[in-house]
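Report on the structure
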Amino acid sequence: MRRTALIFTLVAALAAAAAVADTEVVGTTAGGAHYKIVVPEPWNGDLVIWNHGFSLSPIGPVDDLGPLAEVHLLEGFAVAASSYRQVGWALFKSSRDLELLVQVFDSEFGAPGRVFLYGASLGGIVTAAALEQADLGNVVGALTFCGAMAGSRNWDGALDLRLLYDAVCAEVPEAALPGGPKGLPRGSTLTEEEVAEAVNACTGILERRGQRTRAQKRRLRKILRLGGLPADFLLVDMNYVTFGLSDLIHSRDKLRRRQGIGNESVVYGDPAIDAAIERVAAKPKAERRLGRNFTPDGDVGDARIISLHTSKDGLVIVENQSEYAAVVPAGNLTVGVAVERQPTHCGFTPPEVIGAWAALEEWAAGGPQPSAADLQASCEAWAAFFPGLCRIDPDFVVPDMDGRVRPR
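Residues numbered from 1 in each chain as written. Predicted model: local features only at pLDDT ≥ 70, side-chain atom pairs only at ≥ 80, totals over all residues. Heavy atoms only, no water.

Considering the overall build of the chain
- When helices and strands are tallied, the chain shows 13 helices and eight strands.
- Taking 408 residues into account, the globule formula puts the C-alpha radius of gyration at 22 Å, and the chain, at 22 Å, falls close to it.
- Projected onto its principal axes, the C-alpha positions of the chain cover 65 × 45 × 35 Å.
- Long-range contacts, defined here as pairs at least 24 residues apart, represent 76% of the contacts in the chain between residues at least 6 apart.
- In the structure as shown, the chain presents an accessible area of about 17,100 Å², 52% of it carried by carbon and sulfur atoms.
- Of note, the chain has its 39 positive side-chain charges centred 9 Å away from the centre of its 49 negative side-chain charges. (Helix = DSSP H or I, 4+ residues; strand = E, 2+ residues; numbered from the N terminus. Rg over C-alpha atoms; globule rule 2.2 N^0.38 Å. Contact = heavy atoms within 4.5 Å. Areas by Shrake-Rupley, 256 points an atom, 1.4 Å probe, with all protein chains shown as cover. Lys, Arg positive; Asp, Glu negative; His and termini not counted. Charge placed at Lys NZ, Arg CZ, Asp CG, Glu CD.)

Right under this line is the structure:
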């Protein structure tokens, strides 16, 4: 009954969209992060904060308040977002950036009654970090999509892919990429196009299957098998482990040119690779610094969390959810997995997204904790208004992270 009432309330709000007036505030915090805040009239007294995903583009004014911003405003929620002061893996400062954002909000509009957080991809782990680290007021709920919920452990997988690539492609001079386990040397002018050319020289990934040489097919199969990747994501992932790894290690406000990720004891399951792959020792202080920024420990207080993932994500793997569920109390977390035919990163349908938000609202208002089956039912209810598939499988068992990211 509560969900049905919410549907009719929001549909009525959508129909009355033209009557909504908003107050917008933009600026830059003392930490250097840009922010944007929008408060509707009338305001229901609550705040939703959107956390964006991974980007190496220079920070600038915020133009994205999240995929549900229009819905939130029509429901009467204020919405806000930070650019973060850091690019890339912004977890070293993101919780403080959100605290400063909320301080601006409080000074302009007064403290909100309730605060909701949501984010996608990197924004998922930014959300998780804020739940544990930041003082944002009365945070009652959080929603994540395709989040890197295992936190810093994802960088173990990134290092593995980069070093697997170097080992498998060592026989192809045109495939060589500079930098190795540190990403890129400082001052490198390498471009994404040049990364694609190198990966293609090794694997033929840009060619039709029939045009790849036998050696390219063999090397491609080995990288995908040992890396646990769908072919569609190889170039995306190689850019991430080249440029993103370089930013993480070389930035003065991150790992400060120290190797925070290692693979000394990793067994890759292929004797030739185990013998040939470069072995790297993590520097203990840098490794601890990376772990603190950020690996969840599950101290989420009373916050209610719904975390969605697509089953075949090749950038932020679904196994992140098993790692997060291992530390967060079961009574605080519901995980839903949309089973897809083709791999996507955050390829959710509109009713899956809004259905998850509706379920979180009901839970935060005092309703029972939703199950994955409830998330599917909520999606199906919303599909009448926002067409799209509902693919959340209540029986999906999220595999263990160790099966894709070899333990250290």
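Past the structure itself, the notes keep going.
As for the packing of helix α5 (residues 154–168) against helix α7 (residues 214–227)
- Look at α5 against α7: their axes get within 10 Å of each other, and the N-to-C directions meet at 155°. Taken together, the axis directions place α5 and α7 in an arrangement best described as roughly antiparallel. Regarding α5 and α7, the two cross each other, and that crossing is right-handed. When α5 is examined against α7, the residues Leu-161, Leu-164, Tyr-165 and Val-168 are found in contact with a partner set consisting of Arg-219, Lys-222, Ile-223, Leu-226 and Gly-227. (Axes fitted to C-alpha atoms, helices over the stretch in contact; angles between N-to-C directions. Parallel < 35°, antiparallel > 145°, perpendicular 65-115°, else oblique. Left-handed = near helix turned anticlockwise from the far one by under 90°.)

Re the packing of aromatic side chains
- Counted according to the given criterion, the structure contains 13 aromatic pairs.
- Considering the side-chain rings of Phe-77 and Phe-116, the 5.8 Å spacing of their centres and the 90° angle between planes classify their relative orientation as edge-to-face. Residue Phe-77 is located in the loop between α2 (69–75) and β4 (78–82), and its partner Phe-116 is located in strand β5 (residues 115–120); the two are separated by 39 residues in the primary sequence. Of the two residues, Phe-77 and Phe-116, neither departs from the other in class, the shared state being buried.
- Judged by centre distance (5.0 Å) and plane angle (20°), the ring pair of Trp-155 and Tyr-240 falls under stacked. Remark: Tyr-240 occurs in helix α8 (residues 234–250) and Trp-155 occurs in helix α5; sequence separation between them is 85 residues.
- Overall, the relative accessible area of 0% leaves Trp-155 in the buried class. (Phe/Tyr/Trp six-rings, centres within 6.5 Å; stacked < 30°, edge-to-face > 60°. Buried < 20%, exposed > 50% of the residue type's maximum accessible area, 1.4 Å probe, protein only.)

Here's the deal with the packing of helix α12 (residues 350–364) against helix α13 (residues 372–382)
- In contact at an axis separation of 8 Å, α12 and α13 are set at 120° when each is read in the N-to-C sense. By the criterion of interaxial angle, the relationship of α12 to α13 is oblique. As α12 runs across α13, the sense of the crossing is right-handed. From α12, Pro-351, Glu-352, Ile-354, Gly-355, Ala-356, Ala-358 and Ala-359 reach across to α13, where they touch Leu-375, Ser-378, Cys-379 and Trp-382.

Re the sheet that holds β5
- The strand order across the open sheet built from eight strands is β1-β2-β4-β3-β5-β6-β7-β8, with neighbouring strands paired in mixed fashion. Every other strand in the sheet has two partners, leaving β1 (21–28) and β8 (333–338) as the edge strands with one partner each. Along the sheet, successive strands turn relative to each other by an average axial angle of 15°, direction set aside.
- Helix-sheet contacts for helix α3 (residues 94–109) involve β1, β2 (34–41), β3 (47–51) and β4, and the interaxial angle to β2 is about 40°.
- Contacts between α12 and the sheet are confined to β3, β5, β6 (139–145), β7 (304–310) and β8, with β7 contributing the most and set at about 165° to the helix. (Pairing = 2+ DSSP bridges.)

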